[in-house]
Amino acid sequence: QALRKSLYNVYPSLQNVSLTDYKVRVLDGKSSTGSKVRVFIESSDGVDVWNTVGVSADIIEASKKAIVDSIEYKLMKDMINAYIEKLRDDIERYSKPDSKNNGDRIKICADKIIELLEWRDNMEFIGSDEVYNMGNLQGTDRLHKFWLY
């Protein structure tokens, strides 16, 4: 509970996130207690539904990985949506009659919106042990890298 409350103070949108499904599968039943488990969780914020996976020999560790990835996924989508809104506001500002020679700025903003929408709508966040859609960058590092160019 303490962790939830501290996260809500910094990331209020996480208050809407809930775990909607939790499944555990043993990946190699032959190894008995040394077997790896895969934890599959489904999360929702009341609007979107997403899935994340954690894998480990320890069910607690696998669960933690899946939950952390779920939270990161939600925060990444929120950041992308906020950036898209900022770009839309910029286009509106650049489109005012008193703005001059802003055609290039409008095109840059529009191109970035298209790129962000395509990336957001095709975003795959498989798990912290997997390779992500965006290449070798892990977790939120890849989002920060994405914003830099």
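Reference entry: report on the structure contained in this document. (Residues numbered from 1 in each chain as written. Predicted model: local features only at pLDDT ≥ 70, side-chain atom pairs only at ≥ 80, totals over all residues. Heavy atoms only, no water.)

Re the layout of surface pockets
So, point 1. Roughly 380 Å³ of internal volume is contained in the largest pocket.
So, point 2. Taken together, 15 residues make up the lining of the largest pocket; nearest its centre are R4, L7, V17, I67 and I71.
So, point 3. Elements with a minimum of two residues in the lining of the largest pocket: α1 (2–10), β1 (18–26), β2 (37–44) and α2 (59–94).
So, point 4. With five residues, the top contributor of residues to the lining of the largest pocket is α2.
So, point 5. In terms of residue class, the lining of the largest pocket is made up of 10 nonpolar, three polar and two charged. (1 Å grid on protein atoms, 1.4 Å probe; cavity = no way out; pocket = protein on both sides within 12 Å on 5 of 7 lines; lining within 4 Å. Points joined across faces, edges and corners; volume = space filled by probe spheres on them. Helix = DSSP H or I, 4+ residues; strand = E, 2+ residues; numbered from the N terminus. Nonpolar A, V, L, I, M, F, W, Y, C, P; charged D, E, K, R; others polar.)

Topic: a nonpolar patch on the surface
So, point 1. Among the surface-exposed residues, L19, Y22, I59 and I60 lie close enough to one another that they form a single nonpolar patch of about 400 Å² accessible area.
So, point 2. When contributions to the nonpolar patch are tallied by element, the ones reaching two or more residues are β1 and α2.
So, point 3. Residue position: I59 is located in helix α2. (Patch = residues over 30% accessible without salt bridge, like charges linked within 9 Å, V, L, I, M, F, W, Y side chains within 5 Å. Areas by Shrake-Rupley, 256 points an atom, 1.4 Å probe, with all protein chains shown as cover. Salt bridge = Lys/Arg side-chain N within 4 Å of Asp/Glu carboxyl O.)

Here's the deal with the pattern of salt bridges
Pairing is possible between side chains that carry opposite charge, provided their charged atoms lie close to one another.
So, point 1. With the rule as written, the count across this model stands at nine salt bridges.
So, point 2. A salt bridge links E61 to K64, with the nearest nitrogen and oxygen atoms 3.7 Å apart. With a gap of three residues between them, E61 and K64 both fall in helix α2, about one helical turn apart.
So, point 3. Between E115 and K112 there is a salt bridge, with the nearest N and O atoms lying 3.8 Å from each other. One end of the pair, E115, and the other, K112, are both in helix α3 (residues 103–121), three residues apart, so they sit about a helical turn from each other.
So, point 4. The network of salt bridges with common partners includes D45, K74 and D78.

Topic: the nonpolar core
So, point 1. With 17 residues, the main nonpolar core has I80 and M123 as its most contacted residues.
So, point 2. Broken down by secondary-structure element, the contributors of at least two residues to this core are α2 and α3.
So, point 3. In terms of residue count, the dominant contributor to this core is α2 (eight residues).
So, point 4. Counting five residues, the second-largest nonpolar core is a separate cluster that includes V37, I41, A62 and A66. (Core = buried A, V, L, I, M, F, W, Y, C linked by side-chain atoms within 4.5 Å. Buried < 20%, exposed > 50% of the residue type's maximum accessible area, 1.4 Å probe, protein only.)

Points about the side chain of S44
So, point 1. Considering the arrangement of structural elements, one finds S44 in strand β2.
So, point 2. Under the relative-accessibility criterion, S44 is labelled buried at 11%.
So, point 3. Within the local environment of S44, its side chain forms a polar contact with the backbone nitrogen of G46, the two atoms lying 3.0 Å apart.
So, point 4. A polar side-chain atom of S44 sits 3.1 Å from the main-chain carbonyl oxygen of D48.
So, point 5. When residues no more than four places from it in sequence are discounted, the contact partners of S44 are N16, V17, S18, T20, V49 and W50. (Polar contact = N/O pair within 3.5 Å; in protein donor to acceptor, adjacent residues only side chain to side chain. Contact = heavy atoms within 4.5 Å.)

From the geometry alone we can't say anything about function, so treat these as descriptive.
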